[in-house]
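Letter by letter, the chains look like this.
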Amino acid sequence: MTTAGGIGHTLPFLIADFRLATTLAVIVVAIELGVISYIRHRYMDTPFLQAAFQVIVGGILVFLTGT
């Protein structure tokens, strides 16, 4: 799943238009974070809002680390 996620938000950068590629990558990452939140809710018995908060904060920390 790590490979699928990595490919999912890097493939848009094969598009020549940087803004379009970045927009598509952001959309893909948002969908990935939503899916991870749902999986945590469904299979780990975490309340959905708590799972979403944890995943979003984790995503923000990863983003800030990369900048």
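A few points on the structure.

## Side note on the environment of Asp-45
Now for step 1: By secondary structure assignment, the location of Asp-45 is in the loop between α2 (18-44) and α3 (48-66).
Now for step 2: Judged by its relative accessible area of 70%, Asp-45 is exposed.
Now for step 3: Distance in space between the C-alpha atoms of Asp-45 and Ala-21 is 35 Å, their sequence separation being 24 residues.

## Looking at a nonpolar patch on the surface
Now for step 1: Taken together, the side chains of Ile-15, Leu-20, Leu-24, Ile-27, Ile-31, Val-35, Tyr-38, Ile-39, Tyr-43, Met-44, Phe-48 and Leu-49 define a hydrophobic patch exposed on the protein surface, amounting to about 1,200 Å² of accessible area.
Now for step 2: Elements with a minimum of two residues in the nonpolar patch: α2 and α3.
Now for step 3: Of the residues forming the nonpolar patch, the biggest block, nine residues, is contributed by α2.
Now for step 4: Relative to the elements of secondary structure, Leu-20 occurs in helix α2.

## Brief notes about the packing of aromatic side chains
Now for step 1: Counted under the stated rule, the structure contains one aromatic pair.
Now for step 2: Seen from their ring centres, Phe-13 and Phe-18 are 6.1 Å apart, and the 45 degrees between their planes marks the pair as tilted.
Now for step 3: Here Phe-18 falls in the exposed class, since its relative accessible area comes to 59%.
Now for step 4: Between Arg-42 and the ring centre of Tyr-43, over which it is positioned, the NZ or CZ distance is 5.3 Å.

Calculation notes
- Residues numbered from 1 in each chain as written.
- Predicted model: local features only at pLDDT ≥ 70, side-chain atom pairs only at ≥ 80, totals over all residues.
- Heavy atoms only, no water.
- Helix = DSSP H or I, 4+ residues; strand = E, 2+ residues; numbered from the N terminus.
- Buried < 20%, exposed > 50% of the residue type's maximum accessible area, 1.4 Å probe, protein only.
- Patch = residues over 30% accessible without salt bridge, like charges linked within 9 Å, V, L, I, M, F, W, Y side chains within 5 Å.
- Areas by Shrake-Rupley, 256 points an atom, 1.4 Å probe, with all protein chains shown as cover.
- Salt bridge = Lys/Arg side-chain N within 4 Å of Asp/Glu carboxyl O.
- Phe/Tyr/Trp six-rings, centres within 6.5 Å; stacked < 30°, edge-to-face > 60°.
- Lys NZ or Arg CZ within 6 Å of the ring centre and 35° of its normal.

Scope: geometric values only; no functional claims are made or implied.
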